[in-house]
Amino acid sequence: MSLGCYQTVLFPTEGKSDFSSWNPLKNSQLKGNKISGVKFSNFQVSQRRKCIPMKLKSLLSVDSAVEIEGKKGVNTGSKYDAIVIGSGIGGLVAATQLAVKGAKVLVLEKYVIPGGSSGYYQRDGYTFDVGSSVMFGFSDKGNLNLITQALAAVGREMEVIPDPTTVHFHLPNNLSVQVHREYSEFINELMSKFPHEKEGILKFYGECWKIFNALNSLQLKSLEEPIYLFGQFFQKPLECLTLAYYLPQNAGDIARKYVKDPDLLSFIDAECFIVSTVNALRTPMINAGMVLCDRHFGGINYPVGGVGGIAKSLAEGLIDQGSEILYKANVTNIIIDQGKAVGVKISDGREFFAQTIISNATRWDTFGKLLKAENLPKEEENFQKVYVKAPSFLSIHIGVKADVLPPDTDCHHFVLEDDWTRLEEPYGSIFLSIPTVLDSSLAPKGRHILHIFTTSPLEDWEGLPPKDYEAKKELIADEIIGRLEKKLFPGLKSSIVFKEVGTPKTHRRYLARDMGTYGPMPRQIPKGLLGMPFNTTGISGLYCVGDSCFPGQGVIAVAFSGVMCAHRVAADIGLEKKSPILDAALLGLLGWLRTLA
């Protein structure tokens, strides 16, 4: 999970909510400038604190959302080119990319709306993003605006609001840093805090830009498909060599080449922690470069009406392409026939079959639960030797009286008050999103939404009687809110008019993620991204997509994973060019490289 990659989720547990999967295209009255799959709202960034002059029309109920696929009908006797397990962003991008290439795709979603941690829910007049409100890859330019491209591919566009500050850091030693949308403003502010490190700052972030510019110059497809890969190398050899150079390196090592100040190195650790939930020494440099520059190149843009509209729009676009999505479809088994994945079984006993199966579940869930009877492939054994499950999160959604927030409050905050060593400890650092700073329509008039979350291991919540479990939720939530009250917003507790708390057990229950995890975390200092698996697996016909595949956690990363997976699958089912001899050679080489990690 990360700030640019916020992946936390909180679903209501009492059955009182009006869940929604709303499409801003059909419900918004806003007018804006169309740019591919994105429309930028007609209001100045400097005026973001003001109420947006719009009201959302009625939102679809859960029943309406389910009826979308019901009108098409899903026949267990149908033969599909691909079945996608899960409708997170990675799964939906893979599904829609395949559909536009002509594949017939079936997406099976356990829940009642699409999106996973990129969904949302309504309660008491509030529209809560259940996960990320920091959307990377959602701009109008470049090759890394993968969310924009995914929407445009299925004829969808969304209205967005630009965020002038990606995140406001509140750190030990009273260090306060705003990551401005404009790169020059951010760098100038950082250099003003560390004037003796001007050269080191420019050199470290300069290396990030080398990576970003190389990625941004390439047409992004599967790194497991040799015809594409060799074609890109011959067209852009310098850029490909640049990425190959940084592939085995980590951000912390490069930072230490140029920076000596311990507080600045700790700040870079915090920058990387919101990318990968680990410090800079364990964050691949390619991941850091991709995220730390995209926020300035394309900027962070919030979709009008909430993040849930992205998954809803992708799901509608999938259906428009002649493919299908089935909700309340909890996959319990992947069916293997003569060593090949050929279908899936869901909890009500129905079975569906396809040429290929794509799992948007974590690799632990894919190979530990959906393939219970199968021996673990060697490459999965190796993966689990190199990576462990990242911790889950305690997530708090609150509605507050608007006047508790000072003027010009930023939308996103990261708080680590007084001890750098607590950065990676459970409950040590706090992530905070206030999406109503950008889109006031998400809350009743005179109210703001605060989405607060902090790392929390599942073990802290298991084995508790219901009464003790609820009491512990309230106790820890009260402590976290108290820290924000002391650091940022005096009077915060007394301003609360709505509160709901979710734990790692909530995440595990609703997203079927083992231990409530949000992706892999290296056991020790890794060799960059060398250890990360791609989309193919040791089982023929089975592919993985999402945050436990290259390039890892985060919205832009899982979208990249979806694009790569769709290309590799399309080649394997005859919709893209393929060379079996080159395939075998490349996959063997990539497998060998992973052993070096």
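Residues numbered from 1 in each chain as written. Predicted model: local features only at pLDDT ≥ 70, side-chain atom pairs only at ≥ 80, totals over all residues. Heavy atoms only, no water.

- An unreviewed UniProt entry lists the protein under the name prolycopene isomerase, with Gossypium darwinii given as the organism.
- What UniProt records for the protein under Sequence similarities (unreviewed entry) is the sentence "Belongs to the carotenoid/retinoid oxidoreductase family. CrtISO subfamily." (UniProt positions renumbered as here; feature names shortened; annotations may be inferred.)

Thoughts on the sheet that holds strand β18 (residues 412-415)
Link 1 in the chain: Taken together, the seven strands give an open sheet; going across it, the order is β10-β9-β18-β19-β20-β17-β21, and neighbouring strands pair in mixed fashion. For this open sheet the edge positions go to β10 (175-180) and β21 (496-502), each flanked by a neighbour on one side alone. Pairwise comparison of adjacent strand axes, ignoring direction, gives a mean angle of 15° for this sheet.
Link 2 in the chain: Two elements, strand β17 (residues 392-401) and β21, share six bridges in a ladder whose sense is antiparallel. Paired with I396 across the two strands is V501, which belongs to β21. (Pairing = 2+ DSSP bridges. Helix = DSSP H or I, 4+ residues; strand = E, 2+ residues; numbered from the N terminus. Axes fitted to C-alpha atoms, helices over the stretch in contact; angles between N-to-C directions.)

A few points about the packing of helix α3 (residues 89-100) against helix α18 (residues 555-572)
Link 1 in the chain: The N-to-C vectors of α3 and α18 enclose an angle of 35°; their axes lie 7 Å apart at closest approach. Taken as a pair, α3 and α18 cross one another with a handedness that is right-handed. Contacts between α3 and α18 involve I89, G90, V93, A94, Q97 and L98 on the former and, on the latter, V558, A559, G562, V563, C565, A566, V569 and A570.
Link 2 in the chain: Here the residues of the contact of α3 with α18 are counted per class, giving 11 nonpolar, three polar and no charged. (Left-handed = near helix turned anticlockwise from the far one by under 90°. Contact = heavy atoms within 4.5 Å. Nonpolar A, V, L, I, M, F, W, Y, C, P; charged D, E, K, R; others polar.)

Thoughts on the packing of aromatic side chains
Link 1 in the chain: Under the defined criterion, the tally for this structure stands at 25 aromatic pairs.
Link 2 in the chain: Centre to centre, the rings of F169 and F267 are 5.0 Å apart; their planes meet at 70°, and the pair counts as edge-to-face. One end of the pair, F169, is in strand β9 (residues 165-171); the other, F267, is in helix α10 (residues 262-276), with 98 residues separating them in the sequence. The same class applies to F169 and to F267, which are both buried. (Phe/Tyr/Trp six-rings, centres within 6.5 Å; stacked < 30°, edge-to-face > 60°. Buried < 20%, exposed > 50% of the residue type's maximum accessible area, 1.4 Å probe, protein only.)

Describing empty space enclosed by the protein
Link 1 in the chain: For the structure shown, the criterion picks out three cavities of 30 Å³ or more.
Link 2 in the chain: If you add up the space inside the largest cavity, you get close to 140 Å³.
Link 3 in the chain: In terms of lining, the largest cavity is formed by 16 residues, of which the most central are S276, P284, N287, P520 and Q553.
Link 4 in the chain: In terms of residue class, the lining of the largest cavity is made up of nine nonpolar, five polar and two charged.
Link 5 in the chain: Among the domains, domain 1 (76-116 + 305-388 + 520-596) and domain 2 (186-296) are the pair contributing at least three residues each to the lining of the largest cavity. (1 Å grid on protein atoms, 1.4 Å probe; cavity = no way out; pocket = protein on both sides within 12 Å on 5 of 7 lines; lining within 4 Å. Points joined across faces, edges and corners; volume = space filled by probe spheres on them. Domains from an automatic or database assignment.)

Quick word on the pattern of salt bridges
Link 1 in the chain: Applying the stated criterion across every chain, the model contains 27 salt bridges.
Link 2 in the chain: Notably, a salt bridge pairs D514 with K389, separated by 3.6 Å at the nearest N-O pair. Taken as a pair, D514 in the loop between α17 (504-511) and β22 (520-522) and K389 in strand β16 (residues 387-389) lie far apart in primary sequence, 125 residues in all.
Link 3 in the chain: Here D514 falls in the buried class, since its relative accessible area comes to 17%.
Link 4 in the chain: Put simply, R483 and E417 hold a salt bridge, and the shortest N to O gap is 2.8 Å. Highlighted residues: R483 in helix α15 (residues 466-487) and E417 in the loop between β18 and β19 (430-433), separated in sequence by 66 residues. Here the two residues R483 and E417 agree in accessibility, since each one is buried.
Link 5 in the chain: Here the residues in one salt-bridge network are R156, K312, E316 and D320, joined through shared partners. (Salt bridge = Lys/Arg side-chain N within 4 Å of Asp/Glu carboxyl O.)

Considerations on the environment of N250
Link 1 in the chain: Mapped onto the elements of the fold, N250 is located in the loop between α8 (237-246) and α9 (251-258).
Link 2 in the chain: Considering only alpha carbons, one finds N250 and N287, 37 residues apart in sequence, at a separation of 9.0 Å.
Link 3 in the chain: Excluding residues that lie within four positions of it along the chain, N250 makes contacts with A280, L281, T283, P284, M285, I525, P526, K527 and G528.
Link 4 in the chain: At 2.6 Å, the side chain of N250 forms a polar contact with the backbone oxygen of P526. (Polar contact = N/O pair within 3.5 Å; in protein donor to acceptor, adjacent residues only side chain to side chain.)

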